[in-house]
Amino acid sequence: MLKHSEMITKILRRGSKQSGKHLTLYVLDSSNSQFAVLVTRRLGNAVQRNRMKRLAREVYRYQQHRFEGKAVLFLLRKYHDVFSDLEEDVSNLLSRIEQKS
């Protein structure tokens, strides 16, 4: 997990960015795999924000092999608590980022 604001800011500024239906994915090459989830209060109440963070962590866990050697940041923009939709969105975004590089 990414905990330092300097590294999160670095990913936001220098990372490859792709926006999907429910989230924006930032990816930056890194020496080790790192991950963070950003959620704004606009997304909903605390229960909804925490549910989205749990789902995002689970999507990362399921597709962890695709994120090796990358610092990844999920910026959740819209409340949607269907796991399969989030997983599909992340998969599509990651494919687009891989095609660009």
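About the cut-offs
Residues numbered from 1 in each chain as written. Predicted model: local features only at pLDDT ≥ 70, side-chain atom pairs only at ≥ 80, totals over all residues. Heavy atoms only, no water. Pairing = 2+ DSSP bridges. Helix = DSSP H or I, 4+ residues; strand = E, 2+ residues; numbered from the N terminus. Axes fitted to C-alpha atoms, helices over the stretch in contact; angles between N-to-C directions. Contact = heavy atoms within 4.5 Å. Core = buried A, V, L, I, M, F, W, Y, C linked by side-chain atoms within 4.5 Å. Buried < 20%, exposed > 50% of the residue type's maximum accessible area, 1.4 Å probe, protein only. Phe/Tyr/Trp six-rings, centres within 6.5 Å; stacked < 30°, edge-to-face > 60°. Expected span 1.5 Å × (residues − 1). Arc of directions from axis to C-beta. Parallel < 35°, antiparallel > 145°, perpendicular 65-115°, else oblique. Left-handed = near helix turned anticlockwise from the far one by under 90°. Nonpolar A, V, L, I, M, F, W, Y, C, P; charged D, E, K, R; others polar.

(A) Layout of the sheet that holds strand β2 (residues 23-29). One open sheet accounts for four strands, arranged β1-β2-β4-β3; its pairing is mixed. Edge positions in the open sheet fall to β1 (16-19) and β3 (34-39), since each of these has one partner strand only. Strand after strand, the sheet turns through a mean of 15° between neighbouring axes, direction not considered. Seen against the sheet, helix α2 (residues 46-62) touches β3 and β4 (70-76) and runs at an angle of roughly 155° to β3.

(B) Representation of the nonpolar core. In terms of nonpolar packing, the biggest core is built from 20 residues, with Leu 23, Leu 25, Phe 67, Val 72 and Phe 74 touching the most fellow members. Going through the elements one at a time, β2, β3, α2, β4 and α3 (83-100) are the ones with two or more residues in this core. Apart from residues no more than four positions distant in its own chain, Val 72 is found in contact with Leu 2, Leu 25, Tyr 26, Gln 34, Phe 35, Ala 36, Tyr 60 and Phe 67. Grouped together as the second largest cluster of nonpolar side chains are eight residues, Ile 8, Leu 28, Ala 71 and Leu 73 included.

(C) A look at the packing of aromatic side chains. One pass over the structure, following the stated rule, counts five aromatic pairs. Aromatic side chains Phe 35 and Phe 74 sit 5.1 Å apart centroid to centroid with 90° between the ring planes, which places their arrangement in the edge-to-face category. One end of the pair, Phe 35, is in strand β3; the other, Phe 74, is in strand β4, and 39 residues separate them in sequence. Measuring from centroid to centroid gives 5.2 Å for Tyr 60 and Phe 67, while their planes differ by 25°, and the two rings are stacked. Looking at Tyr 60, the relative accessible area reads 8%, which means it is buried. With a relative accessible area of 0%, Phe 67 lands in the buried category. Members of the aromatic cluster, connected to one another through ring pairs, are Phe 35, Tyr 60, Phe 67 and Phe 74.

(D) Looking closely at α3. A rise of 1.5 Å per residue sets the reference length of α3, with its 18 residues, at 26 Å; its end C-alpha atoms lie 26 Å apart and thus fit the reference within 8%. Within the span of α3, buried status applies to Leu 86, Asp 89, Val 90, Leu 93, Leu 94 and Ile 97. Burial along α3 is one-sided: seen end-on, the buried residues are contained in an arc of 130°. When the buried face of α3 is taken as reference, the exposed residues oriented beyond 90 degrees from it are Glu 88 and Gln 99. Looking at the buried positions of α3, the neighbouring elements they touch are β1, β2, α2 and β4.

(E) Representation of the packing of α2 against α3. In contact at an axis separation of 10 Å, α2 and α3 are set at 55° when each is read in the N-to-C sense. Judged by the inter-axis angle, α2 sits oblique to α3. When the axes of α2 and α3 are compared, the crossing they make is right-handed. Each of Met 52, Leu 55, Glu 58, Val 59 and Tyr 62 in α2 lies in contact with α3, whose residues at this interface are Phe 83, Leu 86, Glu 87 and Val 90. For the contact of α2 with α3, the residue count by class is seven nonpolar, no polar and two charged.

None of this, on its own, says anything about what the molecule does.
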